[in-house]
Amino acid sequence: MNKTMQHNFIIQSKKQEVPGVTTLSLTLENGSLPEWTAGQYINIHFPDTGTPEGKAYSISSAPHEEVFTLTVRDIGEFSRRLCTAEVGDTILGSLPYGFFAPEYEGTPLVLIASGISITPFRAILQDILHKNPERTVTLFHTIRNSADAIFLEELQKLTLGNFSAYHFVTREDNPTIPHRATRRIHVNDILETVSAPPETEFLLCGNISFTRDIWKALTEAGIHEHNIYTEAFFGH
Ligand SMILES: Cc1cc2nc3c(=O)[nH]c(=O)nc-3n(C[C@H](O)[C@H](O)[C@H](O)COP(=O)(O)OP(=O)(O)OC[C@H]3O[C@@H](n4cnc5c(N)ncnc54)[C@H](O)[C@@H]3O)c2cc1C
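Reading the values: the criteria
Residues numbered from 1 in each chain as written. Predicted model: local features only at pLDDT ≥ 70, side-chain atom pairs only at ≥ 80, totals over all residues. Heavy atoms only, no water. Helix = DSSP H or I, 4+ residues; strand = E, 2+ residues; numbered from the N terminus. Rg over C-alpha atoms; globule rule 2.2 N^0.38 Å. Buried < 20%, exposed > 50% of the residue type's maximum accessible area, 1.4 Å probe, protein only. Contact = heavy atoms within 4.5 Å. Areas by Shrake-Rupley, 256 points an atom, 1.4 Å probe, with all protein chains shown as cover. Salt bridge = Lys/Arg side-chain N within 4 Å of Asp/Glu carboxyl O. Core = buried A, V, L, I, M, F, W, Y, C linked by side-chain atoms within 4.5 Å. Domains from an automatic or database assignment. Buried area = accessible area lost by both parts, 1.4 Å probe. Polar contact = N/O pair within 3.5 Å; in protein donor to acceptor, adjacent residues only side chain to side chain. Nonpolar A, V, L, I, M, F, W, Y, C, P; charged D, E, K, R; others polar.

J.: Describe the overall build of the chain, listing the residues and the values that go with them.
T.: Within the chain, the regular secondary structure consists of five helices and 11 strands. The C-alpha atoms of the chain give 17 Å as radius of gyration, which agrees with the globular expectation for 236 residues (18 Å, within 12%). Buried residues in the chain amount to 50% of all 236 residues. By sequence separation, contacts in the chain at least 24 residues apart represent 71% of the contacts at least 6 residues apart. Split by element, the accessible area of the chain, about 11,500 Å² in all, is 48% carbon and sulfur.

The structure is reproduced here in structure tokens:
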């Protein structure tokens, strides 16, 4: 089946994660869920905008959870329409696709996200929890302020055997959430924290400048580019 073909998705439920960020639970029109793997996304279309291309939204749930969710920050035309859509509404979207996921199972994994770009990592973390809970995983999440700490409670309760999460808060002097620093993340913060044997996998997700800068700094620090996978959220 053509993955980019448009399908009707029905909104089954909505939840506010943090102010301005909404999780939508979707099914296909017949009530079933599409097939997907953790880390994939769908393209959403609003034909009346006159924009022929869709916009991508990562699937924030893992397949074994048996719910299909998108988690969206309201920042503009498409995202506002998603966040303000009602339960029962139909939205047009592609089937899931994309290849943003760890390649190996046993090696240490480092996830680095800025802001809303943590969404595929929620799916990936839940997938690892389901399939390989002893894997060593370290998450770095950079956010503007405490209110942006999406999925914080869930991350704090995640029962992965070797999991650590660190928040960097860039625009608040006294964050109310546990945090590593009140500044931008530096590559040294990452490499001081994780032991990075050559097979460690790094997944970066954020806006273009964030992923580019961290990728560059990691490679300059000696991490092999084959072990760094990136997804840029605001590429269009
Ligand atoms: C692979 C992929 C996966 C994605 N997954 C998600 C997801 O899970 N959840 C999600 O919310 N979005 C996700 N996005 C982003 C999404 O596709 C849209 O780009 C986003 O929702 C903005 O579209 P819009 O029409 O709402 O905003 P637009 O009407 O296009 O306006 C966006 C405005 O915000 C500005 N802007 C750009 N970057 C940022 C930023 N980082 N923070 C604040 N403002 C910014 C722009 O300059 C512009 O003025 C993903 C993108 C890609 C490529």
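J.: Describe the pattern of salt bridges, naming the residues involved and giving the relevant values.
T.: The final tally for this structure, using the stated rule, is 13 salt bridges. Its salt-bridge partner being K15, residue E17 comes within 3.6 Å of it at the nearest N-O pair. Of the charged contacts in the structure, one is a salt bridge between E201 and R135, with a shortest N-O distance of 2.6 Å. Highlighted residues: E201 in strand 10 (residues 201–206) and R135 in the loop between helix 2 (119–131) and strand 8 (136–143), separated in sequence by 66 residues.

J.: Break down the nonpolar core for me, with residues and values.
T.: Among the nonpolar cores identified, the biggest contains 26 residues, and F121 and L125 are the most heavily contacted of them. Of all the elements in the fold, those that place two or more residues in this core are strand 7 (109–114), helix 2, strand 8 and strand 10. The residues that make up this core include at least three from each of domain 1 (7–93) and domain 2 (109–232). Other than its neighbours up to four places away in sequence, L125 contacts L111, V137, L139, L155, L158, L160 and F163. Counting 19 residues, the second largest nonpolar core, distinct from the first, contains F9, L24, F68 and I91.

J.: Can you tell me about the domain arrangement of the chain, naming the residues and giving the values?
T.: Along its sequence, the chain is organised into domain 1 (7–93) and domain 2 (109–232). Placing the centre of domain 1 and that of domain 2 at their C-alpha centroids yields a distance of 24 Å. Contacts between the two partners involve 18 residues from domain 1, matched on the other side by 16 residues from domain 2. When domain 1 packs against domain 2, the two sides together hide about 1,400 Å² of surface, and 60% of this comes from carbon and sulfur. Run the count over domain 1 and domain 2 and you get two salt bridges. R122 is paired through a salt bridge with E65; the nearest N and O atoms lie 2.8 Å apart. Linking domain 1 with domain 2 are three residue pairs in polar contact (both at pLDDT 80 or more), by the criterion used here. Counting residues per element, the side of domain 1 that touches domain 2 draws most heavily on strand 5 (residues 68–73), at three residues. For the side of domain 1 that touches domain 2, the residue count by class is nine nonpolar, six polar and three charged.

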